[in-house]
Amino acid sequence: MNSNYPDERMVFVDLETAGLDPWRPIVQIAAIAVDCNLRELERFEAKIKFNNKFADPKSLCKASYSRELWKSEAQPSIQVMKQFSELLRRHATVDQLSSKGVTFSVSQLVAHNGAFDGGFLRAWYDRFDEFLPASPRVFCTLQRALWLFQEDKSLTPPPDFALRTLCHYFGVSLKAGEAHEALNDVRATVDLYRAISEHRQNVRQPLVACG
């Protein structure tokens, strides 16, 4: 982000889901809103009630799902959606143009593997016929890391580009027991984005030119 635009904000988001297909339930959502200098403005986390018949048991284990915890803390899906939408609207700084030519603002989402989280969010909102107040273009720290290693040949790429692997590579704290818990993952995603940004500023590596 560029501090020349002091009102610019981003909302980092992470989802834990009951499967890999967008029709599967979202079981947990977490978000951290930051300003143009990546300073935290607000954070949000919620566990979501869901129908177990639509869940993949293996994915629930990976998502650190606990029947007892969800029974005591989980909220109805539409209630969590409305809370999340309110957060997005509070940090909406991206101008969009409606089909009627009216300008309105939405938030800029950031996720690790943005295509995955973005697809699940759109499917979730569509099921309730609700508007997702966020730009359809989700910034992605996985893609940002891929470009970094493409541009800076002095870096040895990691064995994979999973969030935990990249956090270990850049010295960002995310222990094995903390991974796949939405708030831990979204906090780590913010720190990873910051670490990559700081590396680029320190190296000031130009884009690779072809031909």
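Looking up the chain in an unreviewed UniProt entry gives the name DNA polymerase III PolC-type, with the organism given as Crateriforma conspicua.

## Some thoughts on the sheet that holds strand S1 (residues 10–17)
Taken in spatial order, the 5 strands line up as S3-S2-S1-S6-S7 in an open sheet, and their pairing is mixed. Only two strands of the sheet have a single partner each, and these edge strands are strand S3 (40–47) and strand S7 (139–140). Sheet topology note: the S1/strand S2 (residues 26–34) ladder contains 8 bridges and is antiparallel. Directly across from Val13, in S2, lies its bridge partner Ala31. Strands S1, S2, S3 and strand S6 (109–111) of the sheet are contacted by helix H3 (residues 77–90), whose axis makes an angle of about 170° with S3.

## Re H3
An ideal rise of 1.5 Å per residue puts 20 Å on 14 residues; H3 measures up with 20 Å between its terminal C-alpha atoms. Burial in H3 covers these residues: Ser77, Val80, Met81, Phe84, Ser85, Leu87 and Leu88. Seen along its axis, H3 keeps its buried residues to an arc of 160°; they face one direction. When the buried face of H3 is taken as reference, the exposed residues oriented beyond 90 degrees from it are Lys82 and Arg89. Looking at the buried positions of H3, the neighbouring elements they touch are S1, S2, S3, S6 and helix H4 (114–127).

## A closer look at the pairing of S2
Burial analysis of S2 places 9 of its 9 residues in the buried class, the great majority of the element. Bridge analysis of S2 against S3 gives 7 bridges, and the strand direction is antiparallel. Following the sheet pairing, Ile29 is matched in S3 by Ala46. Hairpin connection between S2 and S3: a loop of 5 residues separates the two successive antiparallel strands, and Leu38 in this loop has a positive phi of roughly 65°.

## So, the packing of aromatic side chains
Inspection of the entire model under this criterion finds 11 aromatic pairs. Between Phe116 and Phe120, the aromatic rings sit 4.8 Å apart at their centres with planes inclined by 45°, giving tilted as the arrangement. With Phe116 and Phe120 both in helix H4, this residue pair falls 4 residues apart, about one helical turn. Take Phe120: its relative accessible area is 1%, and that puts it in the buried class. Members of the aromatic cluster, joined through ring pairs, are Phe149, Phe161, Tyr169 and Phe170.

## Section: the packing of helix H5 (residues 141–151) against helix H7 (residues 182–203)
Angle between the axes and distance between the axes: these two values describe a pair of packed helices. In contact at an axis separation of 10 Å, H5 and H7 are set at 25° when each is read in the N-to-C sense. Classed by the angle they form, the pair H5 and H7 counts as roughly parallel. Crossing hand, H5 versus H7: left-handed. When H5 is examined against H7, the residues Thr141, Arg144, Ala145, Leu148 and Glu151 are found in contact with a partner set consisting of Thr189, Leu192, Tyr193, Ile196, Ser197, His199 and Arg200.

Conventions adopted
- Once a new chain begins, its residue numbering starts again from 1 and follows that chain's sequence as written.
- Since the coordinates come from a predicted model, pLDDT governs what is reported: local features require at least 70, and pairs of side-chain atoms require 80 or more to be given and counted, while whole-chain, interface and lining totals use all residues.
- Water and hydrogen atoms were dropped before computing side-chain values, which therefore reflect all heavy atoms in the structure.
- Pairing between strands is defined by DSSP: at least two bridges between them are needed.
- Helix and strand definitions follow DSSP, with helices as H or I runs of at least four residues and strands as E runs of at least two, each counted in order from the N terminus.
- Contact criterion: two residues are considered in contact whenever any of their non-hydrogen atoms come within 4.5 Å of each other.
- Axis angles are defined between N-to-C directions and span 0 to 180 degrees, where every axis is a line fitted to C-alpha atoms and, for a helix, only to the segment in contact.
- Given the number of residues in a helix, its expected span is that number minus one, multiplied by 1.5 Å.
- Think of it in three bands: with a 1.4 Å probe and only protein chains considered, a residue is buried below 20% of the maximum accessible area for its type, exposed above 50%, and partly exposed in between.
- Working note: the arc is built from the helix axis to C-beta atom directions.
- Two rings belonging to Phe, Tyr or Trp (six-membered ring only in the last case) form a pair when the distance between their centres is within 6.5 Å. Interplanar angles under 30 degrees mark stacking, angles over 60 mark edge-to-face geometry, and anything in between is tilted.
- An angle below 35 degrees is treated as roughly parallel, one above 145 as roughly antiparallel, one from 65 to 115 as roughly perpendicular, and anything else as oblique.
- When the near helix sits turned anticlockwise from the far one by under a right angle, the crossing is termed left-handed; a clockwise turn instead gives a right-handed crossing.

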